[in-house]
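Listed here are the chains, written in short residue letters.
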Amino acid sequence: DLFYFEDIYLSKRSADGEWQKPELLSVVNTERHEASVFLTSEGTQLLIYKDENGGDLFVSKLGKNGQWSKPKSISTNVNSSFK
């Protein structure tokens, strides 16, 4: 469709308050369109819009190891065939 896709990047702030260079959050990004919708105040859950099945919402969780989980689709009560 000749439009650009969005991707999600992560930047961390060091102890001295400086932001690090943003890095592609590869576990949530694909060759399609992904956009961050919401990050919880604790910074442990990321709500993501993915251009799948006409557009659905997914959630990725930050593990104790500091790694984000592969996004999982939110329930069919939210994501449905009725777009």
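Refer to the structure above for everything that follows.
Residues numbered from 1 in each chain as written. Predicted model: local features only at pLDDT ≥ 70, side-chain atom pairs only at ≥ 80, totals over all residues. Heavy atoms only, no water.

(A) Seen up close, the sheet that holds strand β6 (residues 72-73). With respect to topology, four strands assemble into an open sheet ordered β3-β4-β5-β6, the strand pairing being antiparallel. At either margin of the open sheet sits one strand with a lone partner, and together these are β3 (34-39) and β6. Summarising the sheet, strand β4 (residues 45-50) and strand β5 (residues 56-61) pair through six bridges and their orientation is antiparallel. Among the inter-strand pairings, I48 is bridged to a residue of β5, identified as F58. (Pairing = 2+ DSSP bridges. Helix = DSSP H or I, 4+ residues; strand = E, 2+ residues; numbered from the N terminus.)

(B) Expanded view of the environment of S26. With respect to the helices and strands, the residue S26 is situated in the loop between β2 (23-24) and β3. Separated by 19 residues in the primary sequence, S26 and D7 place their C-alpha atoms 9.0 Å from one another.

(C) Structural context of the nonpolar core. Counting seven residues, the largest nonpolar core consists of I8, L25, V28, L46, I48, F58 and W68. If we ignore the near neighbours within four places in the chain, the residues touching L25 are I8, Y9, L10, L46 and W68. (Core = buried A, V, L, I, M, F, W, Y, C linked by side-chain atoms within 4.5 Å. Buried < 20%, exposed > 50% of the residue type's maximum accessible area, 1.4 Å probe, protein only. Contact = heavy atoms within 4.5 Å.)

(D) Quick peek at the side chain of N29. Within the element layout of this structure, N29 appears in the loop between β2 and β3. A relative accessible area of 12% means that N29 is categorised as buried. Other than its neighbours up to four places away in sequence, N29 contacts D7, I8, L24 and E34.

Everything listed here is a matter of geometry and, on its own, says nothing about what the molecule does.
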